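# Understanding the architecture of this molecule
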Amino acid sequence: MNERQSSQLLPGLFESIAEDQCVTVLHLGPVLPETMEYFSGFRCKLHVNDLFAELPLGFQPGDELTVQERMSNLVSFPEGTRFDVCFFWDLLNYLDQDGIIALMECLRPYLAPTTMAHAFVVHNLRSPQRDCRFGIVSTSEIALRSRKHKVPGYAPQSQGKLKEWLDGFAVKRSVLLAESRLELLLVLLAAFGAVGHERC
């Protein structure tokens, strides 16, 4: 598969960023050439962390480290790093409660009051697994590439559970996609204020 998909939410990630601003971006997953080319047009610090390569992250009998300890070893950035934008892609579909909570705990020191995030989740828990890599073509278009191997640990969670476990983040907007999937725009609760959740 080599597809392109339009996005109504990507523009919201960048609309508040000035042209001359240095943007710090977290990309959780393998990076595609389209993403590198897109961000070459910004004053940008791009941090790529392919947590997909570490899946599954759920605790198993006999594991020496807890999920939190494993995540702490995997998610660490230079002191003073503050992300303007975080791309979770569809990683949240492969993490259980402990994994999502651990990820949020590890990211908290690196979030700024205005940090925004993007994610793909499911509207229907029976939605089939799609093993894709994601890239950014433009502020309104995403590239999707098939993975060579199936990603382990696919176990999507309900929206109610995700809202509870995404500690610190709130869903600002969501768009229903094909195959009962959802594209989410997330903001920190401190910045969310009284703005309601919009669905297209």
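Refer to the structure printed above.
Attention here is on the structure that accompanies the text. (Residues numbered from 1 in each chain as written. Predicted model: local features only at pLDDT ≥ 70, side-chain atom pairs only at ≥ 80, totals over all residues. Heavy atoms only, no water.)

### Considering the side chain of histidine 47
Spelled out, the test is: In DSSP terms, a helix is any run of H or I states spanning at least four residues, a strand is any run of E spanning at least two, and both are numbered starting from the N terminus. Three labels apply to residues, based on accessible area from a 1.4 Å probe with only protein chains included: buried if under 20% of the type maximum, exposed if over 50%, partly exposed otherwise in between. Any two residues whose heavy atoms approach within 4.5 Å at even a single point are treated as in contact.
In this structure, histidine 47 sits in strand β3 (residues 43–48). With a relative accessible area of 18%, histidine 47 lands in the buried category. Dropping the residues within four chain positions of it, histidine 47 is found in contact with Thr24, Val25, Leu26, His27, Phe77, Pro78, Thr81 and Phe83.

### Remarks on the sheet that holds strand β7 (residues 141–146)
Inclusion rule: By this definition, two strands are paired if DSSP reports at least two bridges between them. The axes used here are C-alpha line fits, helices contributing only the stretch in contact, and every angle between their N-to-C directions lies in the interval 0 to 180 degrees.
Spatial ordering of the open sheet is given by β1-β7-β6, a layout of three strands whose pairing is antiparallel. Whereas interior strands pair on both sides, the edge strands pair on one side only; in this sheet they are β1 (2–6) and β6 (132–138). Ignoring strand direction, the axes of neighbouring strands in this sheet form an average angle of 30 degrees. Bridge count for β1 against β7 is five bridges, and the pairing is antiparallel. Across the sheet, residue arginine 4 finds its bridge partner in β7, namely alanine 143.

### Topic: the pattern of salt bridges
Our working definition: Here a salt bridge means any side-chain nitrogen of Lys or Arg lying within 4 Å of a carboxyl oxygen belonging to Asp or Glu.
One pass over the structure, following the stated rule, counts seven salt bridges. For glutamate 105, the salt bridge identified is with arginine 108, shortest N-O distance 2.6 Å. When its relative accessible area of 41% is taken as the criterion, glutamate 105 is described as partly exposed. Between arginine 181 and glutamate 179 there is a salt bridge, with its nearest N and O atoms 3.5 Å apart. When its relative accessible area of 10% is taken as the criterion, arginine 181 is described as buried. Relative accessible area serves as the criterion here: at 43%, glutamate 179 is assigned to the partly exposed category. When salt bridges with common partners are traced through the structure, they connect Glu3, Arg130, Glu179 and Arg181 into a single cluster.

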